[in-house]
Amino acid sequence: MDMERLLVAVDTSSASLRAVEYVAEFLRGDGGRYVELVHVSRRPDRDLFPDDAAWEARLAEQEAEAEHFLALARDILVERGMRDERVVPRSLCIREATVSETILDLVREGGFGTLVVGKRGVSKTEEFLYGSVSSAVVHGVADCCVWVVG
Amino acid sequence: MGPNQAPVEVDVSESARSIIQAHLPDFPTLRCGSIREDTSQFMDIGYGDVVPLAGRHYLVLKDEMERRFGLEDPKYWVKRCKVLETGERRILKLVFYERFPVRLGGMEIPCHRSPRKESRILELVRGDARFMQGVTELDGAGNEVRILEIVQGRRLDLAVHAVDLDHETYFRERFPELARLYVGACRALAFLHSHDERHGDVRRDHIFVESGSGAWRWIDFDYTFDFRERPFSLDVFGLGHILLYLAGKGDLTRESMAELGLPAGRVADIGAGDGLLLFPHRVANLRKLYPYIPEDFNRVLMHFSQSSNVSYDTVEELLDDLLPCLERMRAS
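Residues numbered from 1 in each chain as written. Chains lettered and ligands numbered in written order. Predicted model: local features only at pLDDT ≥ 70, side-chain atom pairs only at ≥ 80, totals over all residues. Heavy atoms only, no water.

### Details of the nonpolar core
Which entries qualify depends on this criterion: By nonpolar core is meant a set of buried Ala, Val, Leu, Ile, Met, Phe, Trp, Tyr and Cys residues that side-chain atoms within 4.5 Å join together. The rule is simple: take the accessible area with a 1.4 Å probe, protein chains only, and divide by the maximum for that residue type; under 20% is buried, over 50% is exposed, in between is partly exposed. Strands here are runs of E lasting at least two residues and helices are runs of H or I lasting at least four, both read from the DSSP assignment and numbered beginning at the N terminus. Should any heavy atoms of two residues lie within 4.5 Å, those residues are considered in contact.
The biggest cluster of nonpolar side chains holds 98 residues, and the ones touching the most others in it are Phe-175, Tyr-182, Trp-216, Trp-218, Leu-246 and Phe-297 of chain B. If you tally residues by element for this core, the top one is helix α5 (residues 175-194) of chain B, at 12 residues. If we skip the residues at most four places from it in the chain, Phe-175 of chain B touches Tyr-170, Leu-243, Leu-246, Ala-247, Phe-297, Leu-326 and Met-329 of chain B. Val-23, Val-35, Leu-37 and Ile-76 of chain A belong to the second-largest nonpolar core, a separate cluster that totals 20 residues.

Put into structure tokens, the structure is as follows:
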């Protein structure tokens, strides 16, 4: 567990933006930490689209949204004093695993000491149907501190 | 053809008449329709039309109807047919991609109708008697048409409704066998999940009880939702809903409880937490209404309730809790 390494797992939501803002404020003046900004998304389900063209369009849109968000998040951290070379953005588009499983794998593989995720308020029904990445990572993480920014 | 001449209309009804009367000489001539090589415009395909697929010709008899809650809803993309060459009856499901909202637990969720998903599952379950059978063939325009064998039998909900017994007798004498068959249906869905597939519309009228054998068979796999973090949750919830239906011999709602003449005290004791998570007006806490329902079995049912903080993520989790309860019920 490397306390100098933080993994900030984001999507394009306002909850993720709040998480980035929180990290930026918390680490202000501590520019030496390593922060990996990772956007994890699942490939759109091909079954939801009438044809390949529609699916490819959505995939391209999703990738563009991720890139835009990562650039915004990176700027926030650098503007608050993080060293440019210590903020590393990364976009992952996964096929089979869940987002939470992928984040936990990244924590393990990267030896991160801290994982940061955003959390939005969801109803019981919504959590039942859509799941909660923040809840899943809190339950599944080991040897790492988790910051859940609500 | 010159620039000022009207295009000649090709009479395709003649070709349909020939092929229909070659196999069905008594078919009314005036009802012979057209050969429909392209099924894209399924609303235009009706009685008397013929759809050629993979060397066979399917005479359309009617649009399929969905019957629920006393209403009939036409499914224009689903045609009941007769195979001219063999006389067999088949159902053709034509290509229709649709996205529509479904209300679940007070939320509006986008649901997608996906022909390609159903085609893939039909391929996966080929030869497996726990599922409806069919193949996918291309029409003349490249549309993937699903050709389904008709399941001879009755919907599960109708089969249960037809049991003419009071609830306690039903629960003690009939439910154990229904529960055994239910476990088989659960394992069938677990098979789909193990191949990263979901049924997508698990409900009691999507299980058919086959005539003669009494075996259960799943139908209709074309719905899908975008629940990527909990891909099997809705299927598992659907199984819980079916279990409640079987154990309760129907849905227990305010209206049905009044009709059943249940003791007023028991009905009054039903609170918000006793309702189903996604259908709050249906009672999950059956033991409050039927005190002879074992407590351990009722705890399984309550996993699907508003008051539960723990839900089953997989069919295996459900069966891990359910099977010991059923065993104890059989032994008692």
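Following the structure, the description resumes.
### As for the interface of chain B and chain A
What counts is decided by this rule: Buried surface area refers to the total accessible area, computed with a probe of radius 1.4 Å, that the two partners give up upon joining, counted for both partners together. Counted as salt bridges are all cases of a side-chain nitrogen of Lys or Arg within 4 Å of a carboxyl oxygen of Asp or Glu. Distance and chemistry together define a polar contact, namely a pair of N or O atoms within 3.5 Å, with one atom able to donate a hydrogen and the other to accept it when in protein, and with adjacent residues in sequence counting only for side-chain atoms on both sides. Under this grouping Gly is polar, as are all residues other than the nonpolar Ala, Val, Leu, Ile, Met, Phe, Trp, Tyr, Cys and Pro and the charged Asp, Glu, Lys and Arg.
Across the boundary between the two partners, chain B contributes 29 residues, which contact 23 residues of chain A. Carbon and sulfur atoms make up 57% of the surface buried where chain B meets chain A, a total of about 2200 Å² over both sides. Looking at the side of chain B facing chain A, the largest losses of area belong to Met-107, Arg-228 and Glu-229 of chain B, adding up to 31% of the total buried there. Linking chain B with chain A are 2 salt bridges. Close ionic contact of Arg-116 of chain B with Asp-47 of chain A constitutes a salt bridge, the shortest N to O distance being 3.2 Å. Counting across the chain B and chain A interface gives 11 residue pairs in polar contact (both at pLDDT 80 or more). Elements that contribute at least two residues to the side of chain B that touches chain A include exactly β6 (107-113), α2 (115-124) and α6 (233-248) of chain B. With 4 residues, the top contributor of residues to the side of chain B that touches chain A is β6 of chain B. Partitioning the side of chain B that touches chain A into residue classes produces 11 nonpolar, 10 polar and 8 charged.

### A short note on the packing of aromatic side chains
So the rule is basically this: Between 30 and 60 degrees the pair is tilted, below 30 it is stacked and above 60 it is edge-to-face, where a pair is any two Phe, Tyr or Trp rings, Trp via its six-membered ring, whose centres lie within 6.5 Å.
Considering all chains together, one arrives at 22 aromatic pairs over all chains under this definition. Plain terms: the ring middles of Tyr-130 of chain A and Phe-227 of chain B are 5.0 Å apart, the flat faces sit at 80° to each other, and that makes the pair edge-to-face. In this pair, Tyr-130 of chain A is assigned in helix α4 (residues 124-130) and Phe-227 of chain B in the loop between β12 (223-224) and α6, connecting two distinct chains. On the accessibility criterion, Tyr-130 of chain A (27% relative accessible area) is partly exposed. Linked through ring pairs, Phe-128 of chain A together with Phe-237, Phe-279, Phe-304 and Tyr-312 of chain B together constitute an aromatic cluster.

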